[in-house]
Protein chains: 2
Amino acid sequence: MKKSTIVTIVSVTVIIPLFLLGLSINENIAAQEAINAVPKIAKFESRSAEWGKNFPREYDSYMLTKKSDKIDDVLKKEPALVVMWAGYGFSKDYNAPRGHAYAIEDNVNTLRTGAPVDANSGPMPTACWTCKSPDVPRLMDKKGENDYFTGKWARWGNEIVNPIGCADCHDNETMKLTVTRDYLKRALDAEGSLKYADASHQELRSLVCAQCHAEYYFKMTEWTDANGEKQKAGVVTFPWENGFSAEAMEAYYDQREFADWTHALSKTPMLKAQHPGYETFITGIHGQNGVACADCHMPYVREGGVKYSSHNVRSPLEDIENTCMNCHSKNEKEFKAIVQRKLDRKNELSRTVTSILAQAHLEAARAWELGATEEEMKPALLDIRHGQWRWDYSIAAHGSFFHAPEETLRGLGSAINKAQDARIKLRLILAKYNDAEYVVPDFSSKEKAQAVIRLPYEKLVEEKIQFLNGLRKDWVKQATEKGLFDPKTTEGVVYKVSYQ
Amino acid sequence: MKKSTIVTIVSVTVIIPLFLLGLSINENIAAQEAINAVPKIAKFESRSAEWGKNFPREYDSYMLTKKSDKIDDVLKKEPALVVMWAGYGFSKDYNAPRGHAYAIEDNVNTLRTGAPVDANSGPMPTACWTCKSPDVPRLMDKKGENDYFTGKWARWGNEIVNPIGCADCHDNETMKLTVTRDYLKRALDAEGSLKYADASHQELRSLVCAQCHAEYYFKMTEWTDANGEKQKAGVVTFPWENGFSAEAMEAYYDQREFADWTHALSKTPMLKAQHPGYETFITGIHGQNGVACADCHMPYVREGGVKYSSHNVRSPLEDIENTCMNCHSKNEKEFKAIVQRKLDRKNELSRTVTSILAQAHLEAARAWELGATEEEMKPALLDIRHGQWRWDYSIAAHGSFFHAPEETLRGLGSAINKAQDARIKLRLILAKYNDAEYVVPDFSSKEKAQAVIRLPYEKLVEEKIQFLNGLRKDWVKQATEKGLFDPKTTEGVVYKVSYQ
């Protein structure tokens, strides 16, 4: 063999691969360093694209949440809900949630937020933005928490424009996980099991999610503004003082005689549970074993030599290999079958409750019609209140059937009991007023149910569309002019609604 | 150093240990060979002590089931059960089960089996022995299955004397696991998910348990004896034709208009669920992962170099290290806390159901008293039947809260719904007969509840004691004379009852 041939062979088989490996290692080290470097990002920078300049992988993966764009009209699937929420926004419109990138879009589009015509109109308070955007901690910082929580939802329409993003969970200087909503810190400290100051990094990987995926109410809070004028804020508050369970929170609300609204048919002082995801998750076996939300919903992925946490927050079932498979050894089909059975069990009991509760509200309405007295009705209404609360607590966080299947089923069993207790009482009242055989009206479709509760659906839709074509467009324009809005992050976000 | 010193040192440090190791290995091999050897044991040898001669470790560990000797009076803990079982044996006496060594003792002592005075008297059929003893497959083989299942329980009092033992699950020649009750084979084949002929060794490690830990009823079966005379057998039958779930078995019984008994108060055609342990276990995560009953209840243990399956069948919580810890890594305290929460959840929903059902039976009794018609009562009684069945299915296998917590809670939720449906209907009937406010009698203690159902408790106890001092003693004497009874196996078994 010629010497040059040998040199060539050595070059091809040894030196070049080594050189390429060297390049690759260097590239990986550089990439990893870029990730580890602390970049210059302004405090409360709410435009995620700005953070994305330094964290392209996290940002790109976050942008994939746009793919979760399906509209799933829950009222259509389960018309009993319309009756259960009569007099409350959810009876108008309620879709299963889409990806994080849709947080603002869907909040603005839903019929629940109504059709304000200026900063001081519309059905909702400012608090309804609180979970939707990194503009919220920015505003809280700028205005103070009480001021932020004062006034109508429309007040911040030209300020809160960027969907859930980097600044919601990260410190702009250290990039460390941080809770940007103080009400979570206060609630943890009041509950006492885990003081915020003691939270580990692993616990923060759930707690940053718990800022939004938790039960809350708007606590009426008086405060005095800079001009010495009395103001009223509706401050997002987690009712955790007695503990995390359905019963503990129920007692919390009962002690305060709090009601989210008065039911339009049954006149019950109602509670609306708002996705107690964190509270239920920690009762389940994953929570008990110290698994964090991010472990399954934001798994570590590899790109070349770089490892980072995917910010495409989604169901682990869409990426079983990088999530479940880290601990478990079943195959995808078996996994999905097990999860499906959990979902089926929840659905079975949940639908039992909703059917009973819708009937109970209608029976109560009939009893009122017939002249039942407040004294007669009170025990039944208390059962409705508790039954619906326990049901809602159990299922409002959509993942609870998986995160905490046992606590979910226990809660639903308890809800069935309370709701049926209400029905026993109501039927006896109806019997007393000679209408024992009263047949409740048909609520078997969304349209029929909305007719039963006399919801002016078409009017609401018409006004909403006017709002979307008018004031809403002004908001975006104004926010863009102020340099607040980051059009990139929501580029390609799909406009979809359940109406129209 | 002297040569002899070196020799001594070498002897002490090398040769002697090697020799001892050799001895130990030989001993282990001999022990293991003894275990693996196929001994001469007669077919259907029902005296476990005979098997124990060849399998001392298994036999000794089996004998430890005598330590599970606590009497836990379930009726005392939950008096509502007395009302729910009015007219049925369980309202007389119901204790949580003790160890396998107590199977005959407790069957003979319970007030449920009554106080026969001869082979043809007493409340129970022969079938009530079926799960209690290896004398059962011996008798089935000797007499034929139909003959075995014909007549009164007392017919076999001097034949069935040895508690659950070796011959219930093992082939006498190969020692292989074997199903000795053909009704399990027939039921598996009818259900279809797992044909008996296809069962693997690992599946048999659950199926031998499923011979007894399963739901059954006594199917009335006509047959003709050797003399050409028509006979009626009550053949233990598993109602699995439609599947293993509560609803599938409920449909099975409904299709046959089968009732275990007619309720003494409500006159409902009732179903009694009998510990569907296997059916619920396979729905849980351990079952889904191919864990067998024996993995946790009969773990492999080591004695020196010998490894064998402990036959001290008991809760794995009593030996977490050899059971749970094979797969899990929590500590004992954490394990027990997790299991306790599961138990608490079950207890909560179960007690909700029992309270509702006891009331429903009493309300139904009142409605009958007031002159309600069969037509009026039928829908409510059907709800009671289904509600009580679903409750019983969910909890009658004591381990279901752990084996299948989700299926258990689902079943209980569904039971609450049915039972409350019954109450709605019954209260309306009471209202119709002008007794809407009827207050059910106090059933808050076992004594009060037994008075409510007019149970002649003292008379039952008196007769029972006569039986135990009379006929029962004759049985043991006769069995001993026939060489059937093995006094060793039950030596030291503690006589304990809930009465006296």
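Rules used in this analysis
- Residues numbered from 1 in each chain as written.
- Chains lettered and ligands numbered in written order.
- Predicted model: local features only at pLDDT ≥ 70, side-chain atom pairs only at ≥ 80, totals over all residues.
- Heavy atoms only, no water.
- Phe/Tyr/Trp six-rings, centres within 6.5 Å; stacked < 30°, edge-to-face > 60°.
- Buried < 20%, exposed > 50% of the residue type's maximum accessible area, 1.4 Å probe, protein only.
- Least-squares fit on C-alpha atoms with pLDDT ≥ 70 in both.
- Contact = heavy atoms within 4.5 Å.
- Axes fitted to C-alpha atoms, helices over the stretch in contact; angles between N-to-C directions.
- Helix = DSSP H or I, 4+ residues; strand = E, 2+ residues; numbered from the N terminus.
- Parallel < 35°, antiparallel > 145°, perpendicular 65-115°, else oblique.
- Left-handed = near helix turned anticlockwise from the far one by under 90°.
- Nonpolar A, V, L, I, M, F, W, Y, C, P; charged D, E, K, R; others polar.
- Salt bridge = Lys/Arg side-chain N within 4 Å of Asp/Glu carboxyl O.
- Polar contact = N/O pair within 3.5 Å; in protein donor to acceptor, adjacent residues only side chain to side chain.
- Core = buried A, V, L, I, M, F, W, Y, C linked by side-chain atoms within 4.5 Å.
- Expected span 1.5 Å × (residues − 1).
- Bend = angle between axes of the 7 residues up to and from the residue.
- Pairing = 2+ DSSP bridges.
- Buried area = accessible area lost by both parts, 1.4 Å probe.

A word on the packing of aromatic side chains. All names here are of chain A. Inspection of the entire model under this criterion finds 54 aromatic pairs over all chains. Between Tyr148 and Trp156 the ring centres are 6.3 Å apart and the planes differ by 5°, which places this aromatic pair in the stacked class. Accessibility expressed as a relative area gives 0% for Tyr148, which makes it buried. With relative accessibility at 4%, the residue Trp156 sits in the buried group. Residues Tyr217 and Phe258 carry aromatic rings whose centres are separated by 4.7 Å and whose planes lie at 65° to one another, so their mutual orientation is edge-to-face.

On to the relation of the copies chain B and chain A. The transformation that overlays chain B on chain A combines an axial shift of 0.0 Å with a rotation of 180°, and the residual RMSD is 0.0 Å. Taken together, the rotation angle and the small translation identify this as a two-fold axis. For chain B, the smallest separation between a C-alpha atom and the rotation axis is recorded for Gly413(B), amounting to 2.1 Å. With an isologous cut-off of 70% or more, the 100% of interface residues of chain B that recur at the interface of chain A puts this contact in the isologous class.

This part is about the packing of helix α11 (residues 246–255) of chain B against helix α16 (residues 374–395) of chain B. Residue and element names in this part refer to chain B. Interaxial distance between α11 and α16 falls to 10 Å at its minimum, and their mutual angle equals 135°. On the basis of the axis angle, α11 is oblique to α16. Like other packed secondary-structure pairs, α11 and α16 cross with a definite hand, here right-handed. Contact with α11, carried on its side by Ala246, Glu247, Met249, Glu250, Tyr253 and Asp254, involves Arg385, His386, Trp389, Arg390 and Tyr393 of α16 and no other residues of that element. Split into classes, the residues belonging to the contact of α11 with α16 amount to 5 nonpolar, 1 polar and 5 charged.

With that settled, the discussion passes to the pattern of salt bridges. A side chain with one charge can pair with a side chain of the opposite charge if their charged atoms come near. Applying the stated criterion across every chain, the model contains 76 salt bridges over all chains. For the salt bridge of Glu159(A) with Lys142(A), the shortest nitrogen-to-oxygen distance reads 3.9 Å. Of this pair, Glu159(A) sits in the loop between α8 (145–148) and α9 (182–191) while Lys142(A) sits in helix α7 (residues 135–143); the two residues are 17 residues apart in sequence, bridging distant segments of the chain. In this structure, Asp73(B) engages Lys446(B) in a salt bridge whose closest nitrogen and oxygen atoms are separated by 2.8 Å. Here the residue Asp73(B) occupies a position in the loop between α3 (56–63) and α4 (74–77), and Lys446(B) occupies one in helix α19 (residues 446–452), the gap between them amounting to 373 residues. Neither residue differs from the other here; Asp73(B) and Lys446(B) are each classed as buried.

Another aspect to go through is the side chain of Asp435(B). Residue and element names in this part refer to chain B. Note on placement: Asp435 falls in the loop between α18 (405–432) and α19. We classify Asp435 as buried; its relative accessible area is 16%. A polar atom in the side chain of Asp435 sits 2.6 Å from the side chain of Arg366. In this view, Asp435 contacts Arg366, Leu370, Arg427 and Leu430; residues no more than four positions away in its chain are not counted.

As a further point, take the nonpolar core. Core analysis: the biggest nonpolar cluster contains 101 residues, and Trp391(A) and Trp391(B) have the highest contact counts within it. Once you skip the residues sitting within four places of it in the chain, Trp391(B) turns out to touch Leu81(B), Met84(B), Trp85(B), Ser350(B), Val353(B), Thr354(B), Leu357(B), Leu412(B) and Ala415(B). If you look at the next biggest cluster of nonpolar residues, it comprises 62 residues, including Leu184(A), Cys209(A), Met249(A) and Tyr252(A).

Looking now at α16(B). Taking 1.5 Å per residue, 22 residues should reach 32 Å; α16(B) reaches 30 Å between its end C-alpha atoms and fits that length. Ala380(B) marks where α16(B) bends most, by close to 30°.

Let us look at the pairing of strand β1 (residues 217–224) of chain A. The side chains of a regular strand alternate between both faces of the sheet. Residues and elements named next belong to chain A. As paired strands, β1 and strand β2 (residues 230–237) are joined by 8 bridges and run antiparallel to one another. Bridge pairing in β2 links Lys219 to Val235. Once β1 ends, the chain turns through 5 residues before running back antiparallel as β2, passing Gly228 with a positive phi of about 80°.

Across the contact, 31 residues belong to chain B and 31 residues belong to chain A. Around 2,700 Å² of area is buried between chain B and chain A when both sides are counted, 56% of it from carbon and sulfur atoms. Contact with chain A buries area across many residues of chain B, yet Arg345(B), Glu406(B) and Ile424(B) alone supply 23% of it, more than any other trio. In this structure, the connection of chain B to chain A is made through 8 salt bridges. Linking chain B with chain A are 14 residue pairs in polar contact (both at pLDDT 80 or more), by the criterion used here. Mapped onto the side of chain B that touches chain A, the elements with two or more residues apiece are α13 (285–288), α15 (332–369) and α18 of chain B. Ranked by residues supplied to the side of chain B that touches chain A, first place goes to α18(B) with 16 residues. For the side of chain B that touches chain A, the residue count by class is 11 nonpolar, 8 polar and 12 charged.

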